Amino acid sequence: MKENCAKNRAASTEILKISSISEVGAATGRFSIRNQMARLLSFSALSSFRLGGVWVALLAARGFTMAQIGIAEGVFHIASLLFEIPSGVISDVFGRKYSLICSRLMGMISSLLMVVSRGLPGVCLALVFGAFSYNFESGAREALAYDSLKAHGKEESYLGYSSLDMAIYRVGSASAYLMAGLSLALGYQIANLLDAGMDFVCLLLALGFKEVRLEPAQHAESAGKRIAACVRESVGFLITQTQARRIMLANAFAGAIAILLSFFLQAQLPLAGLKNAYLGPALFVMGLGGAAGARIALRFAKMRYKRLYALCLGGTLLGLAMGVSGMPLVMVAGGFAAGMFDDLLQVRTDSLLNNQFPSEQRATLVSVSSLCFSLVMIAMSPLAGWFFDGLR
């Protein structure tokens, strides 16, 4: 499999130094690429840090049973799975800026519904909007970043941007886990109100994004025809581009191993002897593994994808072996290693696929990639449960 990615000529700090302004067509107008990328990175940083993100722990503190929490989590994943592709189509047809604005509106609604929820139905409804928020953002942010850079002839810088963006997102998520104790101390209502406020700030950032279309939008056609064309052309791409399909599925397989290990470690570390007070810091350290992997991705820019995949899959499996050792420190190190190799592969895969995706279907096809991950997770989760239960 030959690497189609252009040579990365600069580290990710170059993203914030770009200051050229160019004409990008009637649909785009003139905009500062430096301001665009800075806003996107700020959006990632703020949207990743959610005190209410430890909603499992918050629901347990409210008295919900594990069975009820399992039902709520199932509702979230079903809603996310069903809306993944439609959200990508909406993003491609109506605009990535519009999609990101919707993602923060959905996030605000989700947080506020969680504040006023009193039973399982209210919690499930809040999580449905939370899934919609995730779907609207998934694919749209990456597509807007790549097309913004490409419009300025800077698409070779996308690998550096993606590396920095992933690292920022992972650090933000890990920091939220580190502050799980604070979330529990504040209570679910205050924690979710603070998340709603953060979503409002992100909404203001999104309003400042500049829409980028590398090809003229067909506004004369009805919305229905534009949606049908987007779906038809995306399906055609997936049918003809077997390499892209294989990359999506292979990346999803490695990622599923890392994610399922992280779920196992959250429950197993205390049973292995780790004190509850250290669980948050342990999860934070494991989260930093993803940030480390995202940042070192630049060092592997010239390695062929097949070799990189073998390296990352092997590293993830090594992390899995360490994670089931039963020794807390080794288990944390295993979680760190699995996260590092997973995000190293994810950053490279993201860059490789974006170079192959047509601009007008970019968000839809990124959503297809996310859908592949969900399908792999659905298939592997029961097997992983059987495997991990057998180790207890």
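## Considerations on the overall build of the protein chain
Moving on, step 1. Secondary structure assignment for the protein chain yields 15 helices and 2 strands.
Moving on, step 2. Counting across all 392 residues of the protein chain, residues that qualify as buried make up 51%.
Moving on, step 3. Excluding contacts between residues fewer than 6 apart, the proportion of contacts in the protein chain whose partners are at least 24 apart in sequence is 85%.
Moving on, step 4. Summed over its atoms, the accessible surface of the protein chain is roughly 17100 Å², and 66% of this surface lies on carbon and sulfur atoms.

## A word on the packing of helix 4 (residues 96–116) against helix 9 (residues 188–207)
Moving on, step 1. Relative to each other, helix 4 and helix 9 sit at 165°, their axes nearing to 8 Å. One way to sum up the angle between helix 4 and helix 9 is to call them roughly antiparallel. The crossing of helix 4 and helix 9 is left-handed. Residues Lys97, Leu100, Ile101, Arg104, Leu105, Gly107, Met108, Ser111, Leu112, Met114 and Val115 of helix 4 touch helix 9, and the partners they reach there are Tyr188, Gln189, Asn192, Leu193, Asp195, Ala196, Asp199, Phe200, Cys202, Leu203, Ala206 and Leu207.

## Points about the pattern of salt bridges
Moving on, step 1. Across all of its chains, the model carries 7 salt bridges by this definition.
Moving on, step 2. In this structure, Arg50 and Asp199 form a salt bridge, with 3.0 Å as the shortest nitrogen-oxygen distance. Placement of the pair is Arg50 in the loop between helix 1 (33–48) and helix 2 (55–61) and Asp199 in helix 9, with a sequence separation of 149 residues.
Moving on, step 3. Arg104 is paired through a salt bridge with Asp199; the nearest N and O atoms lie 2.5 Å apart. One end of the pair, Arg104, is in helix 4; the other, Asp199, is in helix 9, with 95 residues separating them in the sequence. Accessibility assignment for this pair places Arg104 and Asp199 in one class, buried.
Moving on, step 4. Three or more residues joined by partner-sharing salt bridges are found here, namely Arg50, Arg104, Glu137, Arg141, Asp165 and Asp199.

## A word on the packing of aromatic side chains
Moving on, step 1. Under the criterion given, the structure shown has 7 aromatic pairs.
Moving on, step 2. Their ring planes at 40° and their centres at 5.9 Å tell us that Tyr158 and Tyr161 sit as a pair that is tilted. Of this pair, Tyr158 and Tyr161 both sit in helix 7 (residues 158–178), separated by 3 residues, roughly a single helical turn.
Moving on, step 3. Owing to a relative accessible area of 1%, Tyr158 belongs among the buried residues under this scheme.
Moving on, step 4. Three or more aromatic residues link up through ring pairs in this structure, and these residues are Phe83, Phe129, Phe132 and Phe136.

## As for a positive patch on the surface
Moving on, step 1. A contiguous patch of positive charge, built from Arg245, Arg246, Arg304, Lys306 and Arg307, is present on the exposed surface.
Moving on, step 2. Within the element layout of this structure, Arg246 appears in helix 11 (residues 242–271).

## Points about the nonpolar core
Most often, soluble globular proteins have nonpolar side chains that are buried together.
Moving on, step 1. By size, the foremost hydrophobic cluster in this structure holds 51 residues, and its most contacted members are Leu265 and Leu269.
Moving on, step 2. Every element with two or more residues in this core is listed here: helix 7, helix 11, helix 12 (279–296), helix 13 (305–323), helix 14 (328–356) and helix 15 (362–391).
Moving on, step 3. When residues of this core are assigned to their parent elements, the largest contribution, 13 residues, is made by helix 11.
Moving on, step 4. With near-sequence residues (within four places) excluded, Leu265 lies in contact with Pro270, Met286, Gly323, Met331 and Gly335.
Moving on, step 5. Residues Met108, Ala140, Tyr161 and Leu203 belong to the second largest nonpolar core, which totals 22 residues.

## A closer look at the packing of helix 4 against helix 6 (residues 140–151)
Moving on, step 1. Look at helix 4 against helix 6: their axes get within 9 Å of each other, and the N-to-C directions meet at 145°. In terms of crossing hand, the pair formed by helix 4 and helix 6 is left-handed. On the side of helix 4, the interface is formed by Arg96, Ser99 and Leu100, while helix 6 contributes Ala140, Arg141, Ala143, Leu144 and Asp147.
Moving on, step 2. Per-class residue counts for the contact of helix 4 with helix 6 are 4 nonpolar, 1 polar and 3 charged.

## Things to note about the confidence of the model for the protein chain
Moving on, step 1. Averaged over every residue, the pLDDT of the protein chain is 81; residues scoring 70 or more account for 83%.
Moving on, step 2. Put simply, strand 1 (residues 21–23) is where the protein chain has its lowest mean pLDDT, 34, and helix 13 is where it has its highest, 95.

## Here we look at helix 5 (residues 120–137)
Moving on, step 1. An ideal rise of 1.5 Å per residue puts 26 Å on 18 residues; helix 5 measures up with 26 Å between its terminal C-alpha atoms.
Moving on, step 2. If you check which residues of helix 5 are buried, you get Leu120, Val123, Cys124, Ala126, Leu127, Val128, Gly130, Ala131, Ser133, Asn135, Phe136 and Glu137.
Moving on, step 3. Two residues or fewer after helix 5 comes Gly139, characterised by a positive phi angle close to 90°.

## Examining the side chain of Thr316
Moving on, step 1. Of note, Thr316 is situated in helix 13.
Moving on, step 2. Exposure remark for Thr316: the relative accessible area of 1% places this residue in the buried category.
Moving on, step 3. Within the structure, Thr316 has its side chain in polar contact with the backbone oxygen of Cys312 (distance 2.8 Å).

## Description of the environment of Gly88
Moving on, step 1. On the secondary structure map, Gly88 appears in helix 3 (residues 66–94).
Moving on, step 2. Separated by 55 residues in the primary sequence, Gly88 and Ala143 have C-alpha atoms spaced 10.0 Å apart.

Conventions we followed
- Residues numbered from 1 in each chain as written.
- Predicted model: local features only at pLDDT ≥ 70, side-chain atom pairs only at ≥ 80, totals over all residues.
- Heavy atoms only, no water.
- Helix = DSSP H or I, 4+ residues; strand = E, 2+ residues; numbered from the N terminus.
- Buried < 20%, exposed > 50% of the residue type's maximum accessible area, 1.4 Å probe, protein only.
- Contact = heavy atoms within 4.5 Å.
- Areas by Shrake-Rupley, 256 points an atom, 1.4 Å probe, with all protein chains shown as cover.
- Axes fitted to C-alpha atoms, helices over the stretch in contact; angles between N-to-C directions.
- Parallel < 35°, antiparallel > 145°, perpendicular 65-115°, else oblique.
- Left-handed = near helix turned anticlockwise from the far one by under 90°.
- Salt bridge = Lys/Arg side-chain N within 4 Å of Asp/Glu carboxyl O.
- Phe/Tyr/Trp six-rings, centres within 6.5 Å; stacked < 30°, edge-to-face > 60°.
- Patch = residues over 30% accessible without salt bridge, like charges linked within 9 Å, V, L, I, M, F, W, Y side chains within 5 Å.
- Lys, Arg positive; Asp, Glu negative; His and termini not counted.
- Charge placed at Lys NZ, Arg CZ, Asp CG, Glu CD.
- Core = buried A, V, L, I, M, F, W, Y, C linked by side-chain atoms within 4.5 Å.
- Nonpolar A, V, L, I, M, F, W, Y, C, P; charged D, E, K, R; others polar.
- pLDDT = per-residue confidence, 0-100.
- Expected span 1.5 Å × (residues − 1).
- Polar contact = N/O pair within 3.5 Å; in protein donor to acceptor, adjacent residues only side chain to side chain.

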